[in-house]
Amino acid sequence: MAVTRRQFITGLALGGAAAGIGVPYVLGVAGATSTGRYLASRAPLPQPFTQRLRIPPVLAPVRSDGDGDHYEITQRVATAEILPGVSTTIWGYNGIFPGPTIESRSGRTISVTHINQLPVPTVVHLHGGRTPPEHDGYPIDFVLPVGRDVPLPVYAQESGDLSQGQRVHWYPQEQPATTLWYHDHRMDFTGPGVWKGLAGFHIIRDDEEDALGLPSGPRELPLMIVDRSFDLDGSLLYPAIDPTGLVGVGVTDGFEAGVLGDVTLVNGVPWPVVDVEAARYRLRLLNASNARRYDIRLDPPPPDGFVQIGTDGGLLAQPLQHDHIEMAPAQRFDVIVDFSAYQPGTVVTLVNDFDSGRMGQVMRFVVGDRAEDNSRIPDRLTTIEPLDTTSDGVITRTMRFNSGHLRSEDRDRHGWLINGEPFSPDVAAARPALDSVEIWRLVSDFHHPIHVHLNPFQVLSRGLDGPGPYDIGWKDTIDLRPFENAAIAVRFDGFRGRYVFHCHNLEHEDMAMMSNFVVT
Ligand code: C2O
Ligand code: CU
């Protein structure tokens, strides 16, 4: 059963077309808020801070041998109690949202077998993973549902590497300790897949980090922050053109700029509360929202604020203090908070200054008794060599991220383009040589969190300024703001082959703001 190929003739009209894109939420305020539109829940919503925080379970390998540790995950439809007393249908890795956390060691290979029992094809990408191309979750390498016949787009039939029912992903993990995450990455349908629940943590540890003495065990909390909206019957509300998620691509008119929910979930719990001891904690913050940016802060603030120790690609060279942190979709901030600075009994709220009311709040910590704390935050965490961008022959490329017009056979619609082109598996915007360093200039019209697969990068500049306060260290996603011109340096190493880079506003990604680079 073939569905028409997505054939786009592109009429790029910057500005003009941009004005037609939905109602970008607080448009044109550089550095603030999000690009997207509010989707109001129809279900009654709980009071913030009435639910307990949950930590996703750590997945045990099904076996370990000389080749590594082997995991199995079944993607399936399940029911979850997200709003208290209400049951919500989700798509979950092992039937839960967030999916189970994979805990692994740098340099130790693992395999993850994904079994697809969902009603749609899926693709799994390990975000931030230094992964061979055939295991990276290329957007048309579909895992077809077990025992189900689904319509297949021609592009997937023609050039996708299709597997029936399940697929084994091998991850060599030749990369330092960091917080990664895995999520659905199916071409044209990543937004609804992740919104329904297909996201989980994947943590890599190593000896260098273990030796630092950072807070650990129960004092290390992975926190996946998302926004969602709920329908009257408790189901997740999402403005998909095609609710089956099989054929019609994109969201209904008005939501092309991004879908912003009105419930904040941390690890799948609305505005949760957690008891902490009066001691240092390590918070692995992940913004897994489709389109929402957060500006988080602790209220009341601790004297040291957030002490950032790591980011997307691993540890920072040295700790970095912030009183607030702006987080774009897909970004990770690894921070230490010293709760011993508070009086026992203090209630500390994690707030979001990019919004107000309920969405201005994220979660709450209740500080308990003083407790022994042997953790440390050393002054030096790791060594980060700046990439050499000055030697002869460093290639500079410009990538423009703009709204535009997509024309398919049946209808015209708004979309999002890179250098004027919609995503196609056959078009590569760059062919970097293996082991070369390149400078990419990224130019934007709206907020576009730009993610490059395979290798992390270093932010060189934003406009005439140097990197911003949230750009430090190895990033894999840069928070590109409206009308920005930023430069990043990337070393393409590890593997040859075809990878994608794209906007991680998932509505933009699904509406074609993605391209390929081929490492040669
Ligand atoms: Cu988090 Cu290409 O994705
Ligand atoms: Cu975008």
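Residues numbered from 1 in each chain as written. Chains lettered and ligands numbered in written order. Predicted model: local features only at pLDDT ≥ 70, side-chain atom pairs only at ≥ 80, totals over all residues. Heavy atoms only, no water.

**Student:** Can you tell me about the coordination of the copper ion (ligand 2), naming the residues and giving the values?
**Tutor:** Donor atoms from the polypeptide that bind the copper ion (ligand 2) are H448 (ND1), C503 (SG) and H508 (ND1), placed at 2.0 to 2.1 Å. One chain supplies every donor to the copper ion (ligand 2), and in sequence these donors are spaced H-x54-C-x4-H. Placement of H448 in strand β34 (residues 448–452) and of H508 in helix α5 (residues 506–510) is noted, with a sequence separation of 60 residues between them. Owing to a relative accessible area of 0%, H508 belongs among the buried residues under this scheme. (Donors = N, O, S within 2.8 Å, 3.2 Å for Na, K, Ca; no water. Helix = DSSP H or I, 4+ residues; strand = E, 2+ residues; numbered from the N terminus. Buried < 20%, exposed > 50% of the residue type's maximum accessible area, 1.4 Å probe, protein only.)

**Student:** So what's going on with the side chain of N505? Residues and values would help.
**Tutor:** In this fold, N505 is placed in the loop between β38 (497–503) and α5. Here the side chain of N505 touches E507 through a polar contact of 3.0 Å, landing on its backbone nitrogen. The contact partners of N505, leaving out residues within four places of it in the chain, are T35, A257, G258, N290, A291 and P449. (Polar contact = N/O pair within 3.5 Å; in protein donor to acceptor, adjacent residues only side chain to side chain. Contact = heavy atoms within 4.5 Å.)

**Student:** Explain the packing of aromatic side chains to me, and be specific about the residues and the numbers.
**Tutor:** Using the criterion set out here, one finds 13 aromatic pairs in the structure. When the ring of Y93 is compared with that of Y182, the centres are 4.8 Å apart and the planes differ by 50°; the resulting orientation is tilted. Residue Y93 is located in strand β7 (residues 88–93), and its partner Y182 is located in strand β15 (residues 178–184); the two are separated by 89 residues in the primary sequence. On the basis of relative accessible area, Y93 is assigned to the buried category, the value being 0%. (Phe/Tyr/Trp six-rings, centres within 6.5 Å; stacked < 30°, edge-to-face > 60°.)

**Student:** Any details on the nonpolar core? Residues and values, ideally.
**Tutor:** In summary, soluble globular proteins display a tendency toward joint burial of nonpolar side chains. Counting residues in hydrophobic clusters, the biggest one holds 57 residues, and the most contacted among them are F401, W440, L442, I478, I488 and F517. L221, V348, F365 and Y470 belong to the second-largest nonpolar core, a separate cluster that totals 29 residues. (Core = buried A, V, L, I, M, F, W, Y, C linked by side-chain atoms within 4.5 Å.)

**Student:** An account of the sheet that holds strand β10 (residues 124–127) is needed here, citing residue identities and associated values.
**Tutor:** Across the sheet, four strands lie side by side as β8-β16-β15-β10; this open sheet has mixed pairing. Edge positions in the sheet fall to β8 (99–105) and β10, since each of these pairs with one other strand and no more. Averaged over all pairs of adjacent strands, the angle between strand axes in this sheet comes to 20°, irrespective of strand direction. (Pairing = 2+ DSSP bridges. Axes fitted to C-alpha atoms, helices over the stretch in contact; angles between N-to-C directions.)

**Student:** How would you explain empty space enclosed by the protein if you had to name every residue and give the values?
**Tutor:** Rolled over the atoms, a probe with the dimensions of a water molecule shows which regions are left empty. This structure, assessed with the given rule, holds six cavities of 30 Å³ or more. Each pocket or cavity is described by its volume, and for the largest cavity that value is around 80 Å³. In terms of lining residues, the largest cavity is bounded by 16 residues, among which F189, P192, Y238, A240 and G250 are the most central. A class-by-class count of the residues in the lining of the largest cavity yields eight nonpolar, four polar and four charged. (1 Å grid on protein atoms, 1.4 Å probe; cavity = no way out; pocket = protein on both sides within 12 Å on 5 of 7 lines; lining within 4 Å. Points joined across faces, edges and corners; volume = space filled by probe spheres on them. Nonpolar A, V, L, I, M, F, W, Y, C, P; charged D, E, K, R; others polar.)

**Student:** Please give an account of the environment of V500 that cites residues and values.
**Tutor:** Here V500 lies in strand β38. If we ignore the near neighbours within four places in the chain, the residues touching V500 are Y138, P139, H185, F423, V452, H453, M514, S515, N516 and F517.

**Student:** I'd like a rundown of the pairing of strand β30 (residues 395–407), residues and numbers included.
**Tutor:** Here seven bridges tie β30 to strand β33 (residues 437–444), and the two strands are oriented parallel to one another. Residue pairing for β33: T396 is matched across the bridge by I439. Relative to strand β31 (residues 412–418), β30 runs antiparallel, the two sharing seven bridges. Counterpart to R407 in the pairing with β31 is D412.

**Student:** Which residues make up unusual backbone geometry, and what values go with them?
**Tutor:** Only a minority of non-glycine residues have a phi that is not negative, and only a minority of peptide bonds are not trans. Cis geometry is found at the peptide bond from F97 to P98, where omega equals -10°. Following the sequence through the fold, P98 ends up in the loop between β7 and β8. The step from D299 to P300 runs through a cis peptide bond, and the omega angle for that step is 0°. Tracing the backbone shows P300 in the loop between β23 (294–299) and β24 (306–311).

**Student:** Can you lay out the side chain of S41 for me, pointing to particular residues and giving the numbers?
**Tutor:** By the secondary structure assignment, S41 is in the loop between β3 (37–38) and β4 (51–52). The class for S41 is buried, based on a relative accessible area of 17%. Of the polar contacts made by the side chain of S41, one reaches the backbone nitrogen of F230; its length is 2.8 Å. Engagement of the side chain of S41 in a polar contact is seen with the side chain of D262, the distance being 2.6 Å. When near neighbours in sequence (up to four residues on either side) are disregarded, S41 contacts S229, F230, L237, D262 and V263.

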